[in-house]
Amino acid sequence: MSDVSLKGLRKSYGSVKVIPSLDLDICSGEFVVLVGPSGSGKSTLLRMVAGLEAVDAGTVSVDGEDVTARDPGDRDMAMVFQSYALYPHMTVAENMTFALRMRGTDEATIGERLSEALRMLSLEGLEHRKPGQLSGGQRQRVAMGRAIVREPRVFLFDEPLSNLDAKLRARTRIELRELHDKLGATSIFVTHDQIEAMTMADRIVLLDQGRIQQVGSPREIYERPRNVFVASFIGSPE
Ligand code: ADP
Ligand code: MG
């Protein structure tokens, strides 16, 4: 059984069909990278999966259960945004545990999960700082930590490395992929960057104008592009 199943997902804004109709099955434990040019509908799709955007039609299922009508907090998913969306007035620890507190998780569990996440992300000693007192890379880790402590079944990433400089981005790609493997998570990672897709993905889903152009391993996509769009998108340097 696939862990995340999207069937007939559709979204328009006014007369613009951003996602005409999309089907996709993601397996448990997979790291799927959704890649495509700017404006191809990646964020819209991810937001529908997360429940942050209503679908016009179609269903989102997790482990065979239809979650389309559920609130974002009840989907067993955690999303990491490009902007990180940290609360500037809260400390690192408060940012990372806010969602758990809102959910009424007991203090002992919150404490355990926080120290585990701080350790995994090498953020120990920074828990009392505010986001403004952190480097870009550290802020990115706090955003990751906020997702990790929720122990979701599915991680959703919307260009989470785009605000890092090139060197840090290359390193964080590897670390993030290792973290996914260690957590045994299922991840959907959105990017417009072909290199990110090629280096991180188990499977790449290539999107253009809201339509899937090809699904396959990085190697399949590279060696056997199905059409001119795929060939030129994967072949062209950033
Ligand atoms: P991507 O993440 O691939 O860059 P988006 O999903 O953000 O693409 O956007 C896809 C298309 O939908 C774009 O043409 C964008 O202008 C449009 N769009 C996205 N969100 C909205 C919105 N809230 N209202 C109107 N149009 C939108
Ligand atoms: Mg986007």
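Residues numbered from 1 in each chain as written. Chains lettered and ligands numbered in written order. Predicted model: local features only at pLDDT ≥ 70, side-chain atom pairs only at ≥ 80, totals over all residues.

- The chain is annotated in an unreviewed UniProt entry as Sn-glycerol-3-phosphate import ATP-binding protein UgpC of Nitratireductor thuwali.
- Taken verbatim from the UniProt record of the chain, the Sequence similarities (unreviewed entry) comment is "Belongs to the ABC transporter superfamily." (UniProt positions renumbered as here; feature names shortened; annotations may be inferred.)

1. Description of the pairing of strand S8 (residues 186-191)
In step 1: A large share of S8 lies buried, amounting to six of its six residues.
In step 2: Here S8 shows a buried face lined by Thr186, Ile188 and Val190 and a second buried face lined by Ser187, Phe189 and Thr191.
In step 3: Of the strand pairs in this sheet, strand S3 (residues 31-35) and S8 are connected by five bridges, and their pairing is parallel. Among the inter-strand pairings, Val35 is bridged to a residue of S8, identified as Thr191.
In step 4: In this sheet, S8 lies alongside strand S7 (residues 154-158) in parallel orientation, the contact comprising five bridges. Each residue of the ladder has a partner; that of Leu156, found in S8, is Ile188.
In step 5: On the question of chirality, the crossover connecting S7 to the parallel S8 by way of helix H5 (residues 166-183) is right-handed. (Buried ≥ 20, exposed ≤ 12 C-beta atoms within 10 Å, placed from the backbone. Helix = DSSP H or I, 4+ residues; strand = E, 2+ residues; numbered from the N terminus. Pairing = 2+ DSSP bridges. Right-handed = clockwise from strand over helix to strand, strands pointing away.)

2. What to know about the environment of Gly8
In step 1: Inspection of the secondary structure puts Gly8 in strand S1 (residues 4-13).
In step 2: Judged by the 12 C-beta atoms lying within 10 Å of it, Gly8 falls in the exposed class.
In step 3: Considering only alpha carbons, one finds Gly8 and Gly41, 33 residues apart in sequence, at a separation of 15 Å.
In step 4: Discounting chain neighbours no more than four positions away, the residues touching Gly8 are Ser21, Asp23, Ala57 and Gly58. (Contact = placed C-beta atoms within 7 Å.)

3. Quick look at the site of ligand 1
In step 1: Around ligand 1, the neighbouring residues are Tyr13, Val18, Gly36, Ser38, Gly39, Ser40, Gly41, Lys42, Ser43 and Thr44.
In step 2: A per-element tally of the shell around ligand 1 places helix H1 (residues 42-50) first, with three residues.
In step 3: Tallied by class, residues from the shell around ligand 1 come to two nonpolar, seven polar and one charged. (Near = placed C-beta within 6 Å. Nonpolar A, V, L, I, M, F, W, Y, C, P; charged D, E, K, R; others polar.)

4. A closer look at the packing of helix H2 (residues 92-102) against helix H3 (residues 107-120)
In step 1: Contact geometry for H2 and H3: axes closest at 10 Å, N-to-C directions at 140 degrees. Judged by the angle between their axes, H2 and H3 are oblique. Between H2 and H3 lies a crossing whose hand is right-handed. From H2, Ala93, Met96, Thr97, Leu100 and Arg101 reach across to H3, where they touch Ile110, Arg113, Leu114 and Ala117.
In step 2: Looking at the contact of H2 with H3 residue by residue, the classes come out as six nonpolar, one polar and two charged. (Axes fitted to C-alpha atoms, helices over the stretch in contact; angles between N-to-C directions. Parallel < 35°, antiparallel > 145°, perpendicular 65-115°, else oblique. Left-handed = near helix turned anticlockwise from the far one by under 90°.)

5. A word on the UniProt feature "domain: ABC transporter" (unreviewed entry) in the chain
In step 1: As annotated by UniProt and renumbered to match this structure, "domain: ABC transporter" (unreviewed entry) occupies residues 4-234.
In step 2: For residues 4-234, the end-to-end C-alpha separation is 25 Å, with 37% helix and 26% strand making up the annotated structure.

6. A short note on H5
In step 1: Between the first and last C-alpha of H5 there are 26 Å, a value that for 18 residues agrees with the 26 Å anticipated at 1.5 Å per step.
In step 2: Downstream of H5 by a residue or two, Gly184 has a phi angle that is positive, lying close to 60 degrees. (Expected span 1.5 Å × (residues − 1).)

7. Structural notes on helix H4 (residues 136-148)
In step 1: Taking 1.5 Å as the rise per residue, H4 with 13 residues should run 18 Å; its terminal C-alpha atoms sit 19 Å apart, in good agreement.
In step 2: A large share of H4 lies buried, amounting to ten of its 13 residues.
In step 3: Among all positions in H4, only Arg139, Gln140, Arg141, Val142, Ala143, Met144, Gly145, Arg146, Ala147 and Ile148 are buried.
In step 4: Of the surrounding secondary structure, the elements contacted by the buried residues of H4 are strand S6 (77-80), H2, H3, S7 and H5.

8. Some details on unusual backbone geometry
In step 1: Of note, Tyr84 is a non-glycine position whose phi angle comes to about 70 degrees, a positive value.
In step 2: Along the chain, Tyr84 turns up in the loop between S6 and H2.
In step 3: Classification of Tyr84 as partly exposed rests on a count of 18 C-beta atoms within 10 Å.

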